[in-house]
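Report on the structure
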Amino acid sequence: MEQIQSENNFDFGEDVESWQAATFLYNAAAKEVLTKLEILNDEFVHIHNYNPIEHIKHRIKTPDSIVKKLKRYGKEVTIQNMVNYVNDIAGIRLVCSFTSDIYKLAEMIGRQNDLTVVSIKDYIRSPKESGYKSYHMIVSVPIFMSDRVVDTKVEIQIRTIAMDFWASLEHKIYYKFEGNAPESISKGLRHCAKMVSDLDAQMLALNEEIRKYQ
Ligand code: 0O2
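What comes next is a walk through the structure. What you see is a predicted model; the values in this text were computed from it and never measured. (Residues numbered from 1 in each chain as written. Predicted model: local features only at pLDDT ≥ 70, side-chain atom pairs only at ≥ 80, totals over all residues. Heavy atoms only, no water.)

Taken together, 19 residues lie around the ligand, and Lys 61, Lys 69, Tyr 73, Tyr 123 and Tyr 175 are the ones closest in. At a separation of 2.6 Å, an oxygen atom of the ligand approaches a polar side-chain atom of Tyr 73. A distance of 3.1 Å is found between a nitrogen atom of the ligand and a backbone nitrogen or oxygen belonging to Ala 167. Coverage of the ligand by the protein chains reaches 77% of its 740 Å² of free accessible surface. Looking at the shell around the ligand, the elements with two or more residues in it are α2 (63–72), β6 (149–160) and α5 (161–176). Here the shell around the ligand gets four residues from one element, more than from any other, and that element is α5. (Near = heavy atom within 4 Å. Polar contact = N/O pair within 3.5 Å; in protein donor to acceptor, adjacent residues only side chain to side chain. Areas by Shrake-Rupley, 256 points an atom, 1.4 Å probe, with all protein chains shown as cover. Helix = DSSP H or I, 4+ residues; strand = E, 2+ residues; numbered from the N terminus.)

Now the structure itself:
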């Protein structure tokens, strides 16, 4: 078998077949990481009788969204630039009940020997000005093909149900107003973000109290 290559130095070329090769890799990487996360969740249930993941969503970024992102970065729209600069082509979202689950999961993911954590953005400890909270990890996973191994990136977003609810609405509003929502709406969102943080903190405290009785 050929040596390991990273997706960045894997030659994709610039035709339809190259696009198919790239999407094949991202689909494979998403499947690989999804299976890993499901196994981690099952193991956790087996040992602790507790489910840290409420549900999992995944998607492959649409070509339209990839092009928008490359333009936002001021990059020429090429397959090689997409691979080099767009880190969230394969995206997995883990939705949990409690903030503490987020850090448990992040730690478990970080301990996996066959995944490399490329970067972390903790928008929970440092929320965005809009109020956005979520924990983002870019991991790289080796995809074993018949003649070579290619390390491929996957973005894992981890957040609570409440954070996810907020982010879905904010995402819709962001796109509706193309990033220029009226101040009353932005203010309303910041107010809701505060309520989401309070709700998460109170639910966590309640859950910890309940656990003392078990
Ligand atoms: P879409 O339309 O959801 O795909 P960088 O790593 O700094 O070059 P990037 O990739 O924007 O830039 O990193 P980041 O901040 O980790 O964001 C990755 C994704 O997280 C975004 O992808 C969004 O899906 C989500 N996200 C980030 N910030 C916000 C936010 O303020 N509100 C909401 N609702 N989602 C957010 P895209 O490609 O920007 O968007």
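Let us look at the pairing of strand β3 (residues 90–96). Counting buried positions along β3 yields six of seven residues, so the element is predominantly enclosed. As paired elements, strand β2 (residues 55–60) and β3 share six bridges and run antiparallel to each other. When the sheet's bridge partners are listed, Ile 60 is paired in β3 with Ala 90. The pairing of β3 with β6 spans six bridges and is parallel. The partner of Arg 93 across the bridge, within β6, is Gln 157. (Buried < 20%, exposed > 50% of the residue type's maximum accessible area, 1.4 Å probe, protein only. Pairing = 2+ DSSP bridges.)

Right, let's talk about the packing of aromatic side chains for a bit. If you walk through the whole model with that rule in mind, you get four aromatic pairs. Both rings, one in Tyr 103 and one in Tyr 135, keep their centres 5.5 Å apart while their planes meet at 80 degrees; by these two values the pair is edge-to-face. One end of the pair, Tyr 103, is in helix α4 (residues 99–110); the other, Tyr 135, is in strand β5 (residues 135–144), and 32 residues separate them in sequence. Pairing Tyr 174 with Tyr 175 gives two aromatic rings, centres 5.8 Å apart and planes at 75 degrees, and the pair type is edge-to-face. You can call Tyr 175 partly exposed: its relative accessible area is 44%. Taking NZ or CZ as reference, Lys 75 lies 4.4 Å from the ring centre of Tyr 85, over its face. Its end group placed over the ring of Tyr 123, Lys 128 keeps NZ or CZ at 5.2 Å from the ring centre. (Phe/Tyr/Trp six-rings, centres within 6.5 Å; stacked < 30°, edge-to-face > 60°. Lys NZ or Arg CZ within 6 Å of the ring centre and 35° of its normal.)

Where α5 contacts helix α6 (residues 183–212), the two axes come as close as 9 Å, and the packing angle between them is 170 degrees. It follows that α5 is roughly antiparallel to α6 by the angle criterion. Between α5 and α6, the residues in contact are Ala 162, Met 163, Trp 166, Glu 170 and Ile 173 and Ile 185, Leu 189, Cys 192, Ala 193, Val 196, Leu 199 and Asp 200, respectively. Across the contact of α5 with α6, the residue classes break down as ten nonpolar, no polar and two charged. (Axes fitted to C-alpha atoms, helices over the stretch in contact; angles between N-to-C directions. Parallel < 35°, antiparallel > 145°, perpendicular 65-115°, else oblique. Contact = heavy atoms within 4.5 Å. Nonpolar A, V, L, I, M, F, W, Y, C, P; charged D, E, K, R; others polar.)

Bringing a nonpolar patch on the surface into the picture now. A grouping of Leu 199, Met 203, Leu 206 and Ile 210 is seen on the molecular surface, where their side chains present a nonpolar patch of about 370 Å² in accessible area. Relative to the helices and strands, Ile 210 resides in helix α6. The exposure class assigned to Ile 210 is partly exposed, which follows from its relative accessible area of 46%. (Patch = residues over 30% accessible without salt bridge, like charges linked within 9 Å, V, L, I, M, F, W, Y side chains within 5 Å. Salt bridge = Lys/Arg side-chain N within 4 Å of Asp/Glu carboxyl O.)

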